[in-house]
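Below, each chain spelled out in residue letters.
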Amino acid sequence: MKSIKNYFVYIFVSSMFLFSNQVLSQESTSSLEGKILALDAKFWNAYNSCAVADFKQFLTDDLEFYHDKGGLTETSDKLISLVKTGLCKDPNVKLRREAVNGTVHVYPLNNYGAIITGEHLFYLSENGKNERLVESAKFTHVWQNENGKWRMRRVLSYDHQQVTENSKKSSMTLSLDAMKSLLGTYKAPNTGTVTIFIESNTLRIKAGRMNSELFATSETSLFIKEAPLRFDFAKDVNGKVVKFTVFENGKAVEEALRVE
């Protein structure tokens, strides 16, 4: 009986020890997440304001920055130099980064530091004009804790995709007759030949390398989702479509006349 009693005491004490370790682990993870998120916010604040002098405190000297379009950049000095001569060169051009809610997560990296991952969007503003959404991407940053000093040592930026406000715009379904009324070949002074055609029951536009599906907000106003372009079609007195105007970011940039 004594051995059985001792066994249950052992189980009880062991369970309490494991429970306390779990609580401490949860508290530690929560504390780590708060620390990394705070550092992450400070870094991106420096990025958005082009405070290049502040970058160094967040990066190790032997930084490795991997970009799916630009490849590998080694050392923080090299990266900072690229930011100075690129992103932050023209004060009239501002790029703002914003995290996508619900996508940012922090994970502990035992005996090293932490990893933060997520998705973000980039907004461009030029010459004081309203900013517009231009790109989305994913990121993974490895933070190193060296004697209490936290800095990023490895940065991965990938899955960059061109994004526009059009990608979120709602559209209506055009009747077959409405689509047919737009079909034809058009000529624009800069773009050249533009073709409106139907493929697999969808209306499409082809101009040079662009071959995109058209989405409608009315029978004469259409847009594509992968670029900030809108096409407003005009009719003659007989109701026949004779031309369309191209709008880029809300500004009329070109007119295309129907030739056949």
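Use the structure listed above.
Residues numbered from 1 in each chain as written. Predicted model: local features only at pLDDT ≥ 70, side-chain atom pairs only at ≥ 80, totals over all residues. Heavy atoms only, no water.

Some words on a nonpolar patch on the surface
Then comes step 1: The grouping of Y66, L72, L156 and Y158 at the surface amounts to a nonpolar patch, some 320 Å² of accessible area in total.
Then comes step 2: Residue placement: Y158 occurs in strand β7 (residues 149-162). (Patch = residues over 30% accessible without salt bridge, like charges linked within 9 Å, V, L, I, M, F, W, Y side chains within 5 Å. Areas by Shrake-Rupley, 256 points an atom, 1.4 Å probe, with all protein chains shown as cover. Salt bridge = Lys/Arg side-chain N within 4 Å of Asp/Glu carboxyl O. Helix = DSSP H or I, 4+ residues; strand = E, 2+ residues; numbered from the N terminus.)

A look at the nonpolar core
Taken as a class, soluble globular proteins show a tendency for nonpolar side chains to be buried jointly.
Then comes step 1: Counting 27 residues, the largest nonpolar core has I36, F55, W143, W150 and M152 as its most contacted members.
Then comes step 2: Those elements that provide at least two residues to this core are α1 (2-48), β1 (59-67), α2 (76-85), β5 (113-126), β6 (132-146) and β7.
Then comes step 3: Apart from residues no more than four positions distant in its own chain, W143 is found in contact with I36, L39, D40, F58, Y112, G113, A114, I116, W150, R151 and M152. (Core = buried A, V, L, I, M, F, W, Y, C linked by side-chain atoms within 4.5 Å. Buried < 20%, exposed > 50% of the residue type's maximum accessible area, 1.4 Å probe, protein only. Contact = heavy atoms within 4.5 Å.)

Here's the deal with the pairing of strand β16 (residues 251-258)
Then comes step 1: Note: strand β8 (residues 184-188) against β16, two bridges, orientation antiparallel. Residue pairing in the sheet places K187 in a bridge with L257 of β16.
Then comes step 2: As defined by bridge partners, strand β15 (residues 241-248) adjoins β16 across six bridges and the pair is classed as antiparallel. Bridge pairing links K243 to L257 in β16.
Then comes step 3: Hairpin remark: β15 followed by β16, antiparallel, with two residues in the connecting loop; positive phi at N249, about 55 degrees. (Pairing = 2+ DSSP bridges.)

Digging into the pairing of β8
Then comes step 1: Among the five residues that make up β8, four are buried, leaving the element largely enclosed by the rest of the structure.
Then comes step 2: Here β8 runs beside strand β9 (residues 192-199); their pairing, made up of five bridges, is antiparallel. In the sheet register, G184 faces β9, and the bridge partner there is I196.

Section: the environment of K206
Then comes step 1: Inspection of the secondary structure puts K206 in strand β10 (residues 202-207).
Then comes step 2: Sequence separation between K206 and T193 is 13 residues; the distance between their C-alpha atoms is 8.4 Å.
Then comes step 3: Setting aside anything within four residues of it in sequence, one finds K206 in contact with T193, V194, T195, F197 and N211.

Concerning the sheet that holds strand β14 (residues 229-235)
Then comes step 1: One open sheet holds the nine strands; their spatial order is β11-β10-β9-β8-β16-β15-β14-β13-β12, and the pairing between them is antiparallel. Looking at the sheet topology across the chains shown, the edges are occupied by β11 (210-213) and β12 (215-216).
Then comes step 2: Relative to β11, β10 runs antiparallel, the two sharing four bridges. Pairing of R204 across the sheet is with E213, part of β11.

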